[in-house]
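In case you want the letters, here they are:
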Amino acid sequence: MWLKRNDAKRFICMIITIVISVYPMSLSPVWNGTIPGHRDQYERMAQSILNGHLYLEYEDVDPRLSEMENPYDPQARKELGIYYHWDHAFYNGKYYMYFGIVPVFLLFLPYQLLTGNALTTYKATQIFTVGTILAIFALFDFLRKKFFPKMPFDLYLILSMVLSFVSVWYAIAAPALYCTAIMSAVCMEIISLNLMVRVVWDSEQKNGRKMAELSGSFLCAALAFGCRPTIALSGILQIMLFYLYLHELKSKKKSIKACLTAGIPCLLTAILLMWYNYARFGSIWEFGQHYQLTVADQRLYSLFAGFRLDKIINGLVYQFASWSPIQGKFPYVSYEGILFAFPVFWCIAAFLQDSVKKEIKENHLTAIINTLIALIIGITVFDSVYTPYMVTRYQLDVNFLLGIACFVAVGFRCETAKNRGWNRFVWITAVMTLLILLLLILVPYDGNFTEQNPQILTQVEKMIFWWR
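The structure presented is a predicted model; accordingly, all values stated were derived computationally and were not measured.

Asker: Mind showing me how you'd approach the overall build of the protein chain here?
Answerer: A tally of helices and strands in the protein chain yields 20 helices and 2 strands. Considered along the principal axes of its C-alpha atoms, the protein chain spans approximately 70 × 70 × 50 Å. Across the 468 residues of the protein chain, 55% fall into the buried class. Summarising the internal contacts of the protein chain: among those between residues at least 6 apart in sequence, 75% fall at separations of at least 24. As displayed, the protein chain offers around 21800 Å² of accessible surface, 64% of which is attributable to carbon and sulfur atoms. Of note, the protein chain has its 40 positive side-chain charges centred 12 Å away from the centre of its 32 negative side-chain charges.

Asker: It is not clear to me how the side chain of serine 160 should be interpreted in this structure. Could you clarify?
Answerer: Secondary-structure assignment places serine 160 in helix H7 (residues 153–173). For serine 160, the contacting residues outside a window of four places in its chain are Ile136, Phe137 and Phe140.

Asker: Can you help me understand the side chain of threonine 125 in this one?
Answerer: One can find threonine 125 in helix H6 (residues 121–147). Here the side chain of threonine 125 touches proline 175 through a polar contact of 2.4 Å, landing on its backbone oxygen. Residues contacting threonine 125, with those up to four places away along its chain left out, are Met25, Ala171, Pro175, Ala176, Cys179, Thr180 and Met183.

Asker: Would you mind going over a nonpolar patch on the surface with me for this structure?
Answerer: On the surface, a nonpolar cluster with roughly 590 Å² of combined accessible area is contributed by Phe11, Ile12, Ile15, Ile16, Val19 and Tyr23. For isoleucine 12, a relative accessible area of 49% puts it in the partly exposed group.

Asker: Any chance you could explain the pattern of salt bridges here in plain terms?
Answerer: Where charged atoms of side chains with opposite charge meet at close range, the side chains can pair. Overall, the coordinates contain 11 salt bridges when judged by the stated rule. As a salt-bridge pair, aspartate 141 and arginine 10 come within 3.2 Å of each other at their nearest N and O atoms. Of the two residues, aspartate 141 sits in helix H6 while arginine 10 sits in helix H1 (residues 2–22), which places them 131 residues apart along the sequence. Given the relative accessible area of 15%, arginine 10 is considered buried. Among the salt bridges present, the one from arginine 44 reaches aspartate 40, with a minimum N-O distance of 3.3 Å.

Asker: Where do I start with the nonpolar core in this structure?
Answerer: Grouped burial of nonpolar side chains is what soluble globular proteins tend to show. Core analysis: the biggest nonpolar cluster contains 153 residues, and Leu214, Phe345 and Val410 have the highest contact counts within it. If one sorts the elements of this core by residue count, H7 sits on top with 17 residues.

Asker: Explain the packing of aromatic side chains to me, please; I cannot follow it from the model alone.
Answerer: Geometry of an aromatic ring pair is reported as the spacing of the ring centres plus the angle between the planes. Here the structure, examined in full by the defined rule, presents 34 aromatic pairs. Taking 4.9 Å as the distance between ring centres and 90° as the angle between the ring planes, the aromatic pair formed by phenylalanine 147 and tryptophan 201 counts as edge-to-face. Placement of phenylalanine 147 in helix H6 and of tryptophan 201 in helix H8 (residues 178–201) is noted, with a sequence separation of 54 residues between them. Residue class for tryptophan 201 comes out buried when judged on its relative accessible area of 17%. With a centroid separation of 6.5 Å and an interplanar angle of 80°, the aromatic rings of tyrosine 156 and phenylalanine 407 are classed as edge-to-face. Taken as a pair, tyrosine 156 in helix H7 and phenylalanine 407 in helix H17 (residues 396–416) lie far apart in primary sequence, 251 residues in all. A single burial state applies to tyrosine 156 and to phenylalanine 407, both of which are buried. Three or more aromatic residues joined by ring pairs form one cluster here, namely Phe140, Phe147, Phe148, Phe153, Tyr156, Trp201, Phe407 and Phe412. Just above the ring of tryptophan 31 sits the side chain of arginine 39; from NZ or CZ to the centre is 5.3 Å. The ring of tyrosine 84 has arginine 77 lying over it, and the distance from NZ or CZ to the ring centre is 4.3 Å.

Conventions adopted
Residues numbered from 1 in each chain as written. Predicted model: local features only at pLDDT ≥ 70, side-chain atom pairs only at ≥ 80, totals over all residues. Heavy atoms only, no water. Helix = DSSP H or I, 4+ residues; strand = E, 2+ residues; numbered from the N terminus. Buried < 20%, exposed > 50% of the residue type's maximum accessible area, 1.4 Å probe, protein only. Contact = heavy atoms within 4.5 Å. Areas by Shrake-Rupley, 256 points an atom, 1.4 Å probe, with all protein chains shown as cover. Lys, Arg positive; Asp, Glu negative; His and termini not counted. Charge placed at Lys NZ, Arg CZ, Asp CG, Glu CD. Polar contact = N/O pair within 3.5 Å; in protein donor to acceptor, adjacent residues only side chain to side chain. Patch = residues over 30% accessible without salt bridge, like charges linked within 9 Å, V, L, I, M, F, W, Y side chains within 5 Å. Salt bridge = Lys/Arg side-chain N within 4 Å of Asp/Glu carboxyl O. Core = buried A, V, L, I, M, F, W, Y, C linked by side-chain atoms within 4.5 Å. Phe/Tyr/Trp six-rings, centres within 6.5 Å; stacked < 30°, edge-to-face > 60°. Lys NZ or Arg CZ within 6 Å of the ring centre and 35° of its normal.

In structure tokens:
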């Protein structure tokens, strides 16, 4: 009966998290396909592939773009009055999609082949968001059972809910195109880690299933590169876990088999992605990043050309420590740095406790935790270097990793804490984060549903402050 009750509670929490995350995505005409603008590129890409080519079909290509000395200079385009399609890649007189191709093959093409209709982009984001939430609940449940038996089940539930919301929150407001790329990569990485931790630590599994999960794990990690390469850098964490698995095998033959099982999906995916790049741009390394028609000439932001210490520091501050004062009107909050917006991440400070460090060391996880923290910083640095400026949605590139770090820190602290004060602190920060997230979803911004429909914000305010 106890197990059934907990299963029911988990199911209810997952449904609540999914509904709150997914439903608002359909409310804004800017993002739900009513006003597609440049945000229907995945849909167009699926149709282009069905028509036998890799460029996007536009009949209004301005010939002056090809005649320009540098069509990627936004100021030059403005001065000449050039008409162009915003945020596309442009190369040899044709438009291309620089966003990763993998979501097209995972969802858009199968849907169009099965139904004969195009899949509206925000719906793909909804699917990837649901996958992310389910995978987070499953990953945290496995970690709790394996490492944190003293963690109360209800604490696991609230953390799973809150850290799921944190991992998807910006996609709720602006679900199409940019967040389609982000959420597809996050979904692939979380599923990959789910499979990998079971390969490493589930001793009851048969070897055949382990090999299947190992192959699936590395396939998902490889596919993440074809969704959003920045997020796919978190695959380094998976490699560290794979090293632990190899260390436990203690057999050269088994190790070689495991390496082949993990490596073949990665190799095949890499070959296909490289072919895709070469077929479009004549380079296996070029995804279209340098050919963007956007706010800046992206060729100025290569790894070395854009490596400026002041830019990196500003990017880190913006990502983690920027702060906005409380607003004078509902919903009172505004977008700000991760550590101010989401107090639950304060719990990561538990890693500094000597008792927690000891637990981590005894479980042979020191290198894993250090890698996790380094990836959070490294991906933010990568975003800072490769983009003209940081934007709020880049928080999603690292929030799921911060969520894992937070859950692990809380879990090990639960194992070592001698009173209930720690659990109360976690609950307080989690509830604070949840309330802030619910308010952030309502902030009118980036064409979201409250910006497009101000009456919704007014109605919600009246419901909350009904006594006024």
